[in-house]
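# Structural description and commentary
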Amino acid sequence: MKLWGGRFEAGPSEVFERFSGSLHFDKRLADADIRGSQAYARALERAGVLSPEERETAVAAFEAMRAEARWPAFFEGAEDEDVHTLIIRKLKERIGVIADKIHTGRSRNDQVSLDIRLWLREEIDAARDLLRGLLAALLEMARRDSQAIVPGYTHTRRAQPVLWPHYLLAYFEMFARDYERLGEARSRVNVLPIGSGALAGSAFPFDREAIARDLGFDGITKNSMDVSGDRDFALDFLHGAAMTMLHLSRLAEDWILYSGEEYGWLELGDGVTSGSSMMPQKKNPDSLELIRGKCGAVFGDYSALFLLMKGLPMTYNRDMQEDKPRLFDAADQLRGSLQMARVVVETTRLKPAPPLAAVQESWAVATDLADALARSGVPFHQAHKIVGRLVLESVREAKKPSDWTAEALARFDAAFTPEMARYLRPEEGIRAREIAGGTGPHAVAGALEEAARRLERMR
Ligand code: ARG
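Residues numbered from 1 in each chain as written. Predicted model: local features only at pLDDT ≥ 70, side-chain atom pairs only at ≥ 80, totals over all residues. Heavy atoms only, no water.

### Some points on a nonpolar patch on the surface
Together, Leu 199, Met 225 and Met 314 give the surface a local cluster of nonpolar side chains, amounting to about 300 Å² of exposed area. In this structure, Met 314 sits in the loop between helix H11 (286-309) and helix H12 (323-347). (Patch = residues over 30% accessible without salt bridge, like charges linked within 9 Å, V, L, I, M, F, W, Y side chains within 5 Å. Areas by Shrake-Rupley, 256 points an atom, 1.4 Å probe, with all protein chains shown as cover. Salt bridge = Lys/Arg side-chain N within 4 Å of Asp/Glu carboxyl O. Helix = DSSP H or I, 4+ residues; strand = E, 2+ residues; numbered from the N terminus.)

Printed below as a string of structure tokens:
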């Protein structure tokens, strides 16, 4: 069966049918398509196109098909052009001529938009649930070693000491923004396109607001031509997905390094690592490497849809059928990566000694000493120079900060007062950074509490 064909003398070539068919991927929209059509049948009744009995017959038949469509057998051997055609064909097999009325005032253009929106809304909700779980796991990890000190890096070089929970809360912020961003995408997804027809609007008197309420949409779209050619809402989701993957890939990269022998800070759970077929000693961070790798696939999906839409003339063009494999892939990669990341976070443990030693062996406290000089009135550029010379001499003589005493500092430069020697210890510089958003112990404790409250509100 086809939803068109009257004006053709010859049927489509076999090559074209194979080339243009989308059932093998858009069958994933079957449930959304059926739910949308049930609401549409109710709208058709309200518009006087279907009698109450016809509507009841159609809705019940759709309901039976919904149950069947959960199983592969429903699609077996089907040669329909797409999922929408398949479902109308199966409806007709069940209820005959009533099925011929279902497509009144509707186009596959507004139908496809509806189906994607219904499906995407659920995917976004699932992704946001998973993000909440990841945020909770990060918070728990931050509370576990709340006093641990690690080097913060710039340029992959030891920069300044920070509290371990401060580092983890940085990722909390990123994923909290992703949660918001996907919520914003959802608000643009959750608008009813039905009533737009192919491009010019439906010629039947639908109460579109009523259909929107029936399907749980927040409102209705405002321009039928826009609807027919619009995939902004899909790109908004892909942007949110890509940003989330970007953040996951950075966490993955950090932890691949931090759990390796060169850093030795983190012990990844056995359950998220793999051995080597040849090297018996290996414990490889494959889960994190795969998260990092799958990130590339999602960026590819995002840019593919961007490029697909670029320069398309108004309104619908068949190019747009290719949006679905990209969306499905991105949603799957996002889901899988978020699930994986949560398990990694839950099973990874910090080993506080190596990162603390990394701080102590380095001159990560240099800024704290310069800041102390500046607070005593030494202009910062001069303070920077004094501490720079101190570091140079220490590097030449292989001295760590702990090898210096207050007397030795004063001898090195008279600007150093005895009380400044405490900034040779990383805890002191951290304690000085009680500014909002800083790594001071009280600031971080407050940030932990605030993050917990924010997580509570993410419902
Ligand atoms: N499978 C198609 C899609 O997903 C259905 C739309 C076909 N519409 C058309 N005007 N040929 O885009």
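### Re the site of the ligand
With respect to spatial proximity, the complete set of residues near the ligand consists of Ser 22, Asp 26, Asp 82, Arg 108, Asn 109, Val 112, Tyr 316, Gln 321 and Lys 324. The contact in question runs from a nitrogen atom of the ligand to an N or O atom on the side chain of Ser 22, over 3.4 Å. A distance of 2.3 Å is found between an oxygen atom of the ligand and a side-chain nitrogen or oxygen belonging to Tyr 316. No other element matches the three residues that helix H6 (residues 108-144) contributes to the shell around the ligand. Taken together, the residues of the shell around the ligand sort by class into two nonpolar, three polar and four charged. (Near = heavy atom within 4 Å. Polar contact = N/O pair within 3.5 Å; in protein donor to acceptor, adjacent residues only side chain to side chain. Nonpolar A, V, L, I, M, F, W, Y, C, P; charged D, E, K, R; others polar.)

### Thoughts on the packing of aromatic side chains
Enumeration according to the criterion identifies 16 aromatic pairs in this entry. Summarising the aromatic geometry, the rings of Tyr 153 and Trp 265 are spaced 6.2 Å apart at their centres and angled 25° between planes, so their arrangement reads as stacked. Here Tyr 153 is found in strand S1 (residues 149-154), whereas its partner Trp 265 is found in the loop between helix H10 (232-258) and strand S5 (266-267), with 112 residues between them in sequence. Under the relative-accessibility criterion, Tyr 153 is labelled partly exposed at 23%. Here Trp 265 falls in the buried class, since its relative accessible area comes to 2%. Site record: aromatic cluster; members linked through ring pairs are Tyr 153, Trp 164, Tyr 167, Tyr 171, Phe 175, Tyr 258, Tyr 263 and Trp 265. Positioned above the aromatic ring of Phe 233, the side-chain terminus of Arg 117 is 3.9 Å from the ring centre. Note that Arg 128 overlies the ring of Tyr 179, its terminal NZ or CZ placed 3.9 Å from the centroid. (Phe/Tyr/Trp six-rings, centres within 6.5 Å; stacked < 30°, edge-to-face > 60°. Buried < 20%, exposed > 50% of the residue type's maximum accessible area, 1.4 Å probe, protein only. Lys NZ or Arg CZ within 6 Å of the ring centre and 35° of its normal.)

### Observations concerning the pattern of salt bridges
Per the counting criterion, the structure on display carries 43 salt bridges. Put simply, Arg 42 and Asp 214 hold a salt bridge, and the shortest N to O gap is 2.8 Å. Here the residue Arg 42 occupies a position in helix H3 (residues 30-46), and Asp 214 occupies one in helix H8 (residues 208-214), the gap between them amounting to 172 residues. Taking relative accessible area as the criterion, Asp 214 reaches 29% and is therefore assigned partly exposed. The partner of Asp 368 in a salt bridge is Arg 433, with the nearest N and O atoms 2.6 Å apart. Separated by 65 residues along the polypeptide, Asp 368 in helix H14 (residues 366-375) and Arg 433 in the loop between helix H17 (426-431) and helix H18 (441-457) bring together distant segments of the chain. When its relative accessible area of 22% is taken as the criterion, Arg 433 is described as partly exposed. Overlapping salt bridges bring together Glu 419, Arg 422, Arg 425, Glu 427, Glu 428 and Arg 431 as one network.

### Examining the packing of H6 against H18
One can describe the packing of H6 onto H18 by two numbers: an axis separation of 11 Å at closest approach and a directional angle of 155°. The angle between H6 and H18 falls in the class roughly antiparallel. You can see that H6 and H18 cross each other, and the crossing is left-handed. Seen from H6, the contacting residues are Arg 132, Leu 135, Ala 136, Leu 139, Ala 142 and Arg 143; seen from H18, they are Leu 448, Ala 451, Ala 452 and Leu 455. A breakdown of the residues in the contact of H6 with H18 according to their chemical character gives eight nonpolar, no polar and two charged. (Axes fitted to C-alpha atoms, helices over the stretch in contact; angles between N-to-C directions. Parallel < 35°, antiparallel > 145°, perpendicular 65-115°, else oblique. Left-handed = near helix turned anticlockwise from the far one by under 90°. Contact = heavy atoms within 4.5 Å.)

### Details of the environment of Arg 459
Mapping Arg 459 onto the fold places it in the segment after H18. For Arg 459 and Ser 274, which are 185 residues apart along the polypeptide, the C-alpha to C-alpha distance reads 36 Å. Every residue in contact with Arg 459, bar those within four places of it in the chain, is listed here: Arg 132 and Tyr 179.

### Describing the nonpolar core
Membership of the largest hydrophobic core comes to 118 residues, with the highest contact counts inside it found for Ile 87, Ile 102, Trp 164, Phe 237 and Trp 255. Examining the composition of this core, we find that 17 residues originate from one element, H6, more than from any other. Setting aside residues no more than four positions away along its own chain, Trp 164 makes contact with Met 141, Asp 145, Ala 148, Val 150, Trp 265, Leu 266 and Leu 350. Val 365, Ala 383, Leu 390 and Leu 424 belong to the second-largest nonpolar core, a separate cluster that totals 23 residues. (Core = buried A, V, L, I, M, F, W, Y, C linked by side-chain atoms within 4.5 Å.)

### Overview of the pairing of strand S2 (residues 157-163)
Side-chain positions along a regular strand alternate between the two faces of the sheet. Here six bridges tie S1 to S2, and the two strands are oriented antiparallel to one another. Following the sheet pairing, Val 150 is matched in S2 by Val 162. (Pairing = 2+ DSSP bridges.)

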